[in-house]
Amino acid sequence: MAMHIHASWSEGAGSMQGHLEQATRSGIDVMWWTEHDFRMAEHGYPGVIHMDGPSEKVNGVACSWAEKREGTLASSQVLWDKTMASPGDASTRGSVRLSATSTGRDAAAVRISGSATNTVLQRSLYDQTIEVDVFPAEVSPHAYLAVVVTTSWRPATAGRPAGKYTLTYIVDGTQGKSRTCTGLNAVVHLPARQGQWTTLRMSPADDIARFWPDLESRDAAMLALTLGAVSEKERLADGWFDLLRISRPARSDDAVLQVQAALMAGYSAKFPAVRQYQGLEVSLVKPTHVNWFGPKITMPTFSQSGPVADPNPAAGLAVVSMIQSMGGLASYNHPFGTSHPAELPPAQQDALRASVAKTVLADRAMGCDILEVGYPSRGGVDLDRHSQLWDVCSRNGIFLTGTGVSDDHSGQNWLGQDSNFVTWAHAPTRELADLLTSLSAGQVYFGDPARFSGIIDLLVDGAAPMGSVTVSTAATRTVRAILTGLPADSVVRIVQGTVDLAGPSKPEPGTTYTEMSSAAWSTKGFVDLPIDTTAPRFVRVEVRNRTGTVLALSNPVWLLRDTPEGGIPAARRVR
């Protein structure tokens, strides 16, 4: 299962089409779409940008424009002009003047590229209209103003290469509306008379459908929006832009989820090997984002007016409670943050692990059911520290199912990228109810699908499956470690820890481990491990290669001597 995937409703170049092709190629047969909730809803997104300066705030969101130049220019200018404004923006004086003259015959350009806080200028293109006012001062077929919309990455299809598709809207003085297309790049000529203001209206999804009818036009994001003046043959291109508007018709909160569901249904015929499920990453809560897996996904209510997180921790707890009340499971996502920096020095990683562990223990992981453990590296913290954080929870009787995820936003090279973990479920079918049952019971394992394709399972005393919590006063118990498909040179690490409820004053994993050669599993496919249970324990296993790199991890079993306070979760009881 790919359990954390972002496509054309989130930041990043990915499309649903790209991810589905990667899943098919990789042999991953279940995918959960976990777009950010506020990005799908475009909650608090700027709809009107007055362009009265290189930066401005809209709905509290900082929007800015960055200059860039292409080719060899004899002259160029980006002038934020307070004396010029379109009639539709007269109350907010200001516009931007772009001018360019090339040195020779080849095209050269000056452009400004838009951006916004938290990448909220990037958004889905379906049903979207972009309007901008333009005043062409001097344009011609070899010197023109341009609006360029860069859209989502797609795999190679219909004889076209893989890549991002672009739409270029040109104002060159011609008064007809013409369209041309070459490969992944399409051009639309828009009429606008020289020496007067004109509103350009663009519907990129409609144009994608016209130029590339084999593509699903609703599966596209605006990755970048640039405005420019382009010169060829030493001709001057000169004009003003003002009052950018991005809009779509009013709709219900859940309409976007319905569109996503329609896309899933449409793609299911093209990618029949992949079972798709709708999830959602609830992202405007603290201390971290929460993935929602379940049968009744709806758009949450946003407490803040803009696309910013609610600082009240109670909001996150309420989200988890809401998810569970609707029959869903909640995942505590990327506990060390969303960034991908270089790994920190070991001492700093340990300190950060302890700090995050205190936060997780304070509210018992917000009451979540799942913890994202399987990141080879995230937030500067390696996989060992991620699993140690999980062990801290296990030590304190917080029974969380660990999963491995990629949190992929690109839809490219699933197996070859650094963060490529997936989760495998011991489930009788791929039906939603069966997958949720396995996840809630901890009957899943996770790892690197490029390096591991085997099976991992645990069985306690011949009866209790992986993920279970059992109680016995026996001094010794048996955990059968079932592993198949082990690489020949791999090592199995048996991790044990005490369940002493140490609390936040001791935010350490408290684990020990032993290692065994994979050869021990070559005959029977299992090894029976005697576990000293004179004190309560948890046990899990890892598969590592000969250099120590983790290939796959099981979920734990908990071997307790007394029933925990609050009882054993129903899903983890032996049936």
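Owing to the predicted nature of the structure, the values given are computational and were not obtained by experimental measurement. (Residues numbered from 1 in each chain as written. Predicted model: local features only at pLDDT ≥ 70, side-chain atom pairs only at ≥ 80, totals over all residues. Heavy atoms only, no water.)

Novice: Which residues make up the sheet that holds strand S21 (residues 370-374), and what are the values?
Specialist: The strands making up a sheet associate through backbone hydrogen bonding, with each pair oriented either parallel or antiparallel. Here we have seven strands laid out as an open sheet, ordered S1-S2-S18-S19-S20-S21-S24, and mixed in their pairing. Each having just a single partner strand, strand S1 (2-5) and strand S24 (401-404) make up the two edges of the open sheet. With strand direction ignored, the average angle separating the axes of adjacent strands in the sheet is 35°. As paired strands, strand S2 (residues 30-33) and strand S18 (residues 275-282) are joined by four bridges and run parallel to one another. (Pairing = 2+ DSSP bridges. Helix = DSSP H or I, 4+ residues; strand = E, 2+ residues; numbered from the N terminus. Axes fitted to C-alpha atoms, helices over the stretch in contact; angles between N-to-C directions.)

Novice: Just give me the short version of the packing of helix H1 (residues 16-26) against helix H4 (residues 255-270), but keep the residues and values in it.
Specialist: Packing of H1 against H4 brings their axes to within 11 Å, and their N-to-C directions diverge by 40°. As summarised for this structure, H1 and H4 are arranged oblique, according to the angle between their axes. Here the hand of the crossing between H1 and H4 comes out right-handed. Facing H1, whose interface residues are Met16, Gln17 and Leu20, H4 presents Gln260, Leu263, Met264, Tyr267 and Lys270. Taken together, the residues that form the contact of H1 with H4 break down as five nonpolar, two polar and one charged. (Parallel < 35°, antiparallel > 145°, perpendicular 65-115°, else oblique. Left-handed = near helix turned anticlockwise from the far one by under 90°. Contact = heavy atoms within 4.5 Å. Nonpolar A, V, L, I, M, F, W, Y, C, P; charged D, E, K, R; others polar.)

Novice: Describe helix H7 (residues 383-395), listing the residues and the values that go with them.
Specialist: The end-to-end C-alpha distance of H7 is 18 Å, a good match for the 18 Å that 13 residues give at a rise of 1.5 Å each. Judged by how many residues are buried, H7 sits mostly within the fold: 11 of 13 residues are covered. Taken as a whole, H7 has its buried residues at Leu383, Arg385, His386, Ser387, Leu389, Trp390, Asp391, Val392, Cys393, Ser394 and Arg395. By the N-cap criterion, in which a side-chain oxygen at the helix start approaches the backbone nitrogen of a residue two or three places on, H7 is capped by Asp382, the distance to Asp384 being 3.3 Å. Following H7 by one or two positions, Gly397 adopts a phi angle in the positive range, close to 70°. (Expected span 1.5 Å × (residues − 1). Buried < 20%, exposed > 50% of the residue type's maximum accessible area, 1.4 Å probe, protein only. Polar contact = N/O pair within 3.5 Å; in protein donor to acceptor, adjacent residues only side chain to side chain.)

Novice: For the state of the cysteines, give the residues involved together with the corresponding values.
Specialist: Counted under the stated rule, the structure contains zero disulfides. You can see Cys368 has no disulfide; the closest cysteine sulfur is in Cys393, sitting 10 Å from it. On the accessibility criterion, Cys393 (1% relative accessible area) is buried. (Disulfide = S-S within 2.5 Å.)

Novice: I'd love a proper account of the nonpolar core, names of residues and values included.
Specialist: The biggest cluster of nonpolar side chains holds 81 residues, and the ones touching the most others in it are Met31 and Phe452. In terms of residues, this core owes the most to one element, H4, which gives six residues. Among all residues touching Met31, those that are not within four sequence positions of it are Ala2, Ile5, His19, Leu20, Ala23, Val274, Arg275, Gln276, Tyr277 and Trp414. Grouped together as the second largest cluster of nonpolar side chains are 52 residues, Val134, Leu167, Ala237 and Leu284 included. (Core = buried A, V, L, I, M, F, W, Y, C linked by side-chain atoms within 4.5 Å.)

Novice: Can you tell me about the environment of Val495, naming the residues and giving the values?
Specialist: Turning to its location among the elements, Val495 is positioned in strand S31 (residues 491-498). Judged by relative accessible area, which is 5%, Val495 ranks as buried. In this structure the C-alpha to C-alpha distance between Val495 and Thr288, which are 207 residues apart in sequence, comes to 27 Å. Excluding anything up to four places from it in sequence, Val495 contacts Asp391, Thr511, Thr512, Tyr513, Phe538, Val539, Arg540 and Glu542.

Novice: Kindly report on the sheet that holds strand S28 (residues 464-465), identifying the contributing residues and their values.
Specialist: Pairing in this open sheet of four strands is antiparallel, and the strands run S28-S27-S30-S33 from one edge to the other. Each having just a single partner strand, S28 and strand S33 (526-532) make up the two edges of the open sheet. Bridging between strand S30 (residues 476-484) and S33 involves seven bridges; their strand directions are antiparallel. From the neighbouring strand, Arg477 faces S33, where its bridge partner is Ile531.

Novice: Break down the pattern of salt bridges for me, with residues and values.
Specialist: If you walk through the whole model with that rule in mind, you get 30 salt bridges. Measuring nitrogen to oxygen at the nearest pair gives 2.7 Å for the salt bridge that ties Arg160 to Asp214. Taken together, the residues Arg160 in the loop between strand S11 (143-154) and strand S12 (163-171) and Asp214 in the loop between helix H3 (204-211) and strand S16 (221-231) connect sequence positions 54 residues apart. Under the relative-accessibility criterion, Asp214 is labelled partly exposed at 40%. (Salt bridge = Lys/Arg side-chain N within 4 Å of Asp/Glu carboxyl O.)

Novice: Please provide a residue-by-residue account of the pairing of S24, values included.
Specialist: Burial of S24 is two-sided: the residues Thr401 and Thr403 facing one way and the residues Gly402 and Gly404 facing the other way are all buried. Examined bridge by bridge, S21 and S24 share four bridges and lie parallel to one another. Considered in S24, the bridge of Gly374 is made with Gly404.

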